[in-house]
Amino acid sequence: MVWALRYNRKMLRVSSERGPHLSRRTFLRGLAVTAACAVAAPRVVLARPDERRFLSLVHTHTGERLTVTYFDHGEYLADGIEALEAFLKDHRTGEAHVMDAPLFDILNDLRISTGTAAPFQVISGYRSPHTNARLREQGRGVAGGSLHMQGRAIDIRLADVTCARLRDAALGLRRGGVGYYGTSNFIHVDTGRVRRW
């Protein structure tokens, strides 16, 4: 999009050097470039600061389901956050952990931007150091310093949104790390620095 705007400005500059009017062909070419970039650019939608925020989740390992409002009237709701933390516990050990609330905001904004009507399918939320070490020993491609152990990461998929589209929506938010696991049909999002793999 930025490139298209620069292109149009350049064409206007060139045209103004030649005379006060932009040729029809140059104008239409610039318009077409701008429109193509606008269509290709990911749609970034954010919840308003005072907007009610909720999540619907289903855990792929336990079958548990949760629909909860976690933010309303400009503040996080303790009951909602606690319910999410209990739901996202390490399903192997039963350990729960404090979760980073902005992680829930990422999911909320992904819900809005994709227009999903399905619950997020959770593959992994909090992961205890013991579980993380065991998965690493099994060669599961788990990072030694995984943000899952800090309650700052979640692995998800949606039944009604392709994995690639969900990845693109997450990348468009530019709010943390985004990992794409197309073969296993899920993405990883976290509240760490902006990066992708």
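Residues numbered from 1 in each chain as written. Predicted model: local features only at pLDDT ≥ 70, side-chain atom pairs only at ≥ 80, totals over all residues. Heavy atoms only, no water.

**Notes on the packing of aromatic side chains**
Across all of its chains, the model carries four aromatic pairs by this definition. When the centroid spacing of 6.2 Å and the interplanar angle of 20 degrees are considered together, the rings of Tyr70 and Tyr76 count as stacked. Tyr70 sits in the buried class, given a relative accessible area of 0%. Taking the centre distance of 4.7 Å and the plane angle of 20 degrees together, the rings of Tyr181 and Phe186 count as stacked. For Tyr181, a relative accessible area of 31% gives the class partly exposed. When its relative accessible area of 13% is taken as the criterion, Phe186 is described as buried. An aromatic cluster is present here, built from Tyr70, Phe71, Tyr76 and Phe104 joined pairwise through their rings. In this arrangement the basic side chain of Arg111 is found over the ring face of Phe54, its NZ or CZ atom lying 4.0 Å from the centre. Above the plane of the ring of Tyr180 lies Arg167, whose end atom (NZ or CZ) is 4.3 Å from the centre. (Phe/Tyr/Trp six-rings, centres within 6.5 Å; stacked < 30°, edge-to-face > 60°. Buried < 20%, exposed > 50% of the residue type's maximum accessible area, 1.4 Å probe, protein only. Lys NZ or Arg CZ within 6 Å of the ring centre and 35° of its normal.)

**Details of the sheet that holds strand S3 (residues 75–76)**
Taken in spatial order, the eight strands make up an open sheet running S3-S2-S1-S4-S5-S7-S6-S8, and their pairing is mixed. Every interior strand has two partners, whereas the edge strands, S3 and strand S8 (195–196), have only one. Contacts between helix H6 (residues 163–173) and the sheet are confined to strand S5 (153–158), strand S6 (177–181), strand S7 (186–190) and S8, with S6 contributing the most and set at about 170 degrees to the helix. (Pairing = 2+ DSSP bridges. Helix = DSSP H or I, 4+ residues; strand = E, 2+ residues; numbered from the N terminus. Contact = heavy atoms within 4.5 Å. Axes fitted to C-alpha atoms, helices over the stretch in contact; angles between N-to-C directions.)

Spatial relationships are all this shows, so hold off on functional conclusions.
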